[in-house]
Amino acid sequence: MQAMLRTALRPRFLGLLALMVAATLVCGLLATWQWDRAHRAITSRSEPTDPAVALEDALLLGEPVTNERAGDPVVARGTFDPAEQILVPGRRIDGQEAVIVVSALHVVQPDGGEARLPVARGWMPAADATGPDGEVDPALAPAVPAGEIEVTGLLEASEAATDGVSGHVAQEIATPLLVNEWGEPMYSGYLAQTSAADGLSPMPAAQSAFSRGLDWQNIGYAAQWVLFGGFFLYLWWRSVRTAYLDQRADERARLEASLQPADGPAAPGPTASAPTASDPAASGPAASDPDALAPTPQNPNDPKDVTGVDPDSATTR
Amino acid sequence: MSTPTPRPLDEVAIRASFARYRFASFAEGIALLVLVSIMVMRYGVYHGEGLFTSTSHTWETISQTWSPIHGVIYMVYVVLSFDLWMRMRWSLPRMLLLMLFGVVPVLSFFGERWTHQKMESDLRQRPTLQDEEHPRR
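Residues numbered from 1 in each chain as written. Chains lettered and ligands numbered in written order. Predicted model: local features only at pLDDT ≥ 70, side-chain atom pairs only at ≥ 80, totals over all residues. Heavy atoms only, no water.

- Going by an unreviewed UniProt entry, chain B carries the name DUF3817 domain-containing protein and comes from Brachybacterium phenoliresistens.
- The UniProt entry for chain B carries the following text under Subcellular location (unreviewed entry): "Cell membrane". (UniProt positions renumbered as here; feature names shortened; annotations may be inferred.)

Quick word on the UniProt feature "transmembrane region" (unreviewed entry) in chain B
Argument step 1. UniProt feature "transmembrane region" (unreviewed entry): in the numbering of this structure it lies at residues 21-45, 65-85 and 92-111 of chain B.
Argument step 2. Here residues 21-45 of chain B runs as 100% helix and 0% strand, with 34 Å between its end C-alpha atoms. (Helix = DSSP H or I, 4+ residues; strand = E, 2+ residues; numbered from the N terminus.)

Focus on the environment of Gln-247 of chain A
Residues and elements named next belong to chain A.
Argument step 1. Position of Gln-247 among the secondary structure elements: in helix α5 (residues 216-262).
Argument step 2. On the accessibility criterion, Gln-247 (16% relative accessible area) is buried.
Argument step 3. When the C-alpha positions of Gln-247 and Thr-7 are compared, they lie 9.0 Å apart, and in sequence the two are 240 residues distant.
Argument step 4. Within the structure, Gln-247 has its side chain in polar contact with the side chain of Arg-10 (distance 3.1 Å). (Buried < 20%, exposed > 50% of the residue type's maximum accessible area, 1.4 Å probe, protein only. Polar contact = N/O pair within 3.5 Å; in protein donor to acceptor, adjacent residues only side chain to side chain.)

Quick notes on the packing of aromatic side chains
Argument step 1. Summed over the entire model, instances satisfying the criterion amount to eleven aromatic pairs over all chains.
Argument step 2. Pairing Phe-18 of chain B with Tyr-21 of chain B gives two aromatic rings, centres 5.8 Å apart and planes at 40 degrees, and the pair type is tilted. With Phe-18 of chain B and Tyr-21 of chain B both in helix α1 (residues 11-45) and three residues apart, the pair spans about one turn of that helix. Note on accessibility: Phe-18 of chain B and Tyr-21 of chain B belong to one class, buried.
Argument step 3. Its end group placed over the ring of Phe-13 of chain A, Arg-12 of chain A keeps NZ or CZ at 5.0 Å from the ring centre.
Argument step 4. One residue, Arg-121 of chain A, lies across the ring of Phe-80 of chain A, its end atom 5.7 Å from the ring centre. (Phe/Tyr/Trp six-rings, centres within 6.5 Å; stacked < 30°, edge-to-face > 60°. Lys NZ or Arg CZ within 6 Å of the ring centre and 35° of its normal.)

Pasting the structure below:
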């Protein structure tokens, strides 16, 4: 073990170690980066403790819902259109299969026109929104409140659309889908209503990517970088070990070569202590029994054979 | 201290390692061709307006499923080529070359043949543990 340490401390391997440690550190940095990315979805969101601001002060028509704005508490004033409501099934909220009810709130603009703000009015258990045929039935969702009302909720960015809206059911709360279904103009994000109303449960607070808080893809990348980092250290250890074992085999071969010409039944005790003194080149040829020792293919008869080329196979090349 | 003589190669272990490498090489070659075909479908046949956009939801899903599977196959390929590379005691550039074989479509099939030839010639020319059993080859 100590001899292996001596091999490891040779300048060549110390230099290699420095290189490998540098590579490992780089991998560590990359792992941290991915780790941060995985958590960014949660940490970059603002705390929803501020008092709610009016919609016109929080988001103008046509403005994007940036990460900074997402999760801001907002109060919007307008009227719901009973014809413009969709259901978004397939969510998990509070450990339950949930269906989100999304309706269009018509908000009067400063110029007198109207714009639609999608409002996730709340969620209901999937069982309550499922008809006898096992399909989600939009008719089972509670109707929108009539007249001009105030809605309090959290401003959220539109989700990415994958499928369309069919029969008032969609898989995402995505403004690109809703604008086709309901018409323009429309705000770029949606409001997740936090005040319970009409028999619906309030939408979960802020970190509302519902149950997908951590990005597992980035967690996976972080783990891969840790593995790569470890691999460099392993590579270094393998090189040290290889050099050490080579050296030991070398010394053994030299020792065997030096023992043989000295006397037939080798006395290992006293001679073993002087492996460095016995240079194979100086000890001369004249070995009698090549099969007695030497598991290595190096021919013990030939002390010049230190290049590692087997004379047998070299001739048949 | 001078560099010590390398120990003889273990031909039996090397041939077993090469068999594993060859299997991974074929698997990676095929997996990569599948990935390329999926990419052609996703971004070529069903291309969207911008570069690298797609209009086909189906092919996007297929691509998102296959990509990580191909990633794992490539990782296995790299680990098994590393094993062979270490046993053959080849130089560092050759490890990078082996890794490259798995990245370029179709190249892995030629790379596997090339690696096989290099392995055979090295086993013929360099001392192995099995030389005593078969002194003449």
